[in-house]
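The lines below spell out each chain.
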Amino acid sequence: MDTVSPQERSRIMGNVKARGNKSTELKLIKLFKDYCITGWKRNYPVKGKPDLVFLPQRVAIFVDGCFWHGCEDHCRIPLGNKNFWLAKISRNKERDIEITTDFQERDWKVIRIWEHELNSENSIAVMSRIKSIV
């Protein structure tokens with residue numbers, strides 16, 4: 001059961017969206033430093049707004065939040081306004097596919113990482129995947 005009113009929950013969730021995903025980006029950057037992966041750029045102005053890019057290799061990395069991008073294992077749809085959230089997350093997933101396709105058509109490699117993959121138990125596999133591509 002939610003402890004705040006639907007209006008307050010809407011305001012809170014609106015603010016979450018406005019702040020972006022800096023914490024997940026920072027986790028990935030820390031992992032890059034831990035695994036000595038260099039050559040990436042953050043906030044590179046390219047259509048599709050990847051979280052990080054490796055320009056010479058033409059690799060775009062997106063870290064997808066489990067809630068906002070509909071992770072099958074971790075996304076829990078709020079019971080209040082359920083249809084809104086289902087539609088919102090569905091649109092996000094469609095946009096992810098469009099952006100990935102657009103990058104691939106421009107000869108970029110795309111790496112999508114789930115937020116939960118940045119946990120320590122999954123980080124070795126994620127870093128191995130990235131190292132093999134860049």
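See the structure printed just above.
So, here's what we can say about the structure. (Residues numbered from 1 in each chain as written. Predicted model: local features only at pLDDT ≥ 70, side-chain atom pairs only at ≥ 80, totals over all residues. Heavy atoms only, no water.)

**Observations concerning helix α2 (residues 22-34)**
Here α2 is 13 residues long and its end C-alpha atoms lie 18 Å apart, about the 18 Å a rise of 1.5 Å per residue gives. Residues of α2 that are buried include every one of Thr-24, Glu-25, Leu-28, Ile-29, Leu-31 and Phe-32, and no others. Take α2 and look down its axis: the buried residues cluster within an arc of 160°, on one side only. With respect to the buried face of α2, the exposed residues turned more than 90 degrees away are Lys-22, Ser-23, Lys-30 and Lys-33. Tucked inside the fold, the buried residues of α2 contact β1 (41-42), β2 (52-54), β3 (59-64), β4 (109-114) and α4 (120-133). Residue Cys-36 follows α2 closely and has a positive phi angle near 55°. (Helix = DSSP H or I, 4+ residues; strand = E, 2+ residues; numbered from the N terminus. Expected span 1.5 Å × (residues − 1). Buried < 20%, exposed > 50% of the residue type's maximum accessible area, 1.4 Å probe, protein only. Arc of directions from axis to C-beta. Contact = heavy atoms within 4.5 Å.)

**With respect to the packing of aromatic side chains**
As enumerated under the stated definition, the model contains eight aromatic pairs in all. Considering the side-chain rings of Phe-67 and Trp-68, the 5.0 Å spacing of their centres and the 80° angle between planes classify their relative orientation as edge-to-face. Residue Phe-67 shares its accessibility class with Trp-68, and that shared class is buried. Between Phe-84 and Trp-85, the aromatic rings sit 4.9 Å apart at their centres with planes inclined by 80°, giving edge-to-face as the arrangement. A residue is classified by how much of its surface remains accessible, and Trp-85, at 9% relative accessible area, is buried. Here a set of aromatic residues connected by ring pairs shows up, and it is made of Phe-67, Trp-68, Phe-84 and Trp-85. Over the ring of Phe-103 we find Arg-106; its NZ or CZ atom is 4.4 Å from the centre of that ring. If you follow Arg-112 out to its NZ or CZ, it ends over the ring of Phe-62, 4.3 Å from the centre. (Phe/Tyr/Trp six-rings, centres within 6.5 Å; stacked < 30°, edge-to-face > 60°. Lys NZ or Arg CZ within 6 Å of the ring centre and 35° of its normal.)

**Quick look at helix α3 (residues 82-105)**
For α3, which comprises 24 residues, the first-to-last C-alpha distance of 35 Å matches the rise-based estimate of 34 Å (1.5 Å per residue) to within 8%. Residues of α3 that are buried: Trp-85, Lys-88, Ile-89, Asn-92, Asp-96, Ile-99, Thr-100 and Phe-103. Directly after α3, the chain includes Asp-107, whose backbone phi takes a positive value near 65°.

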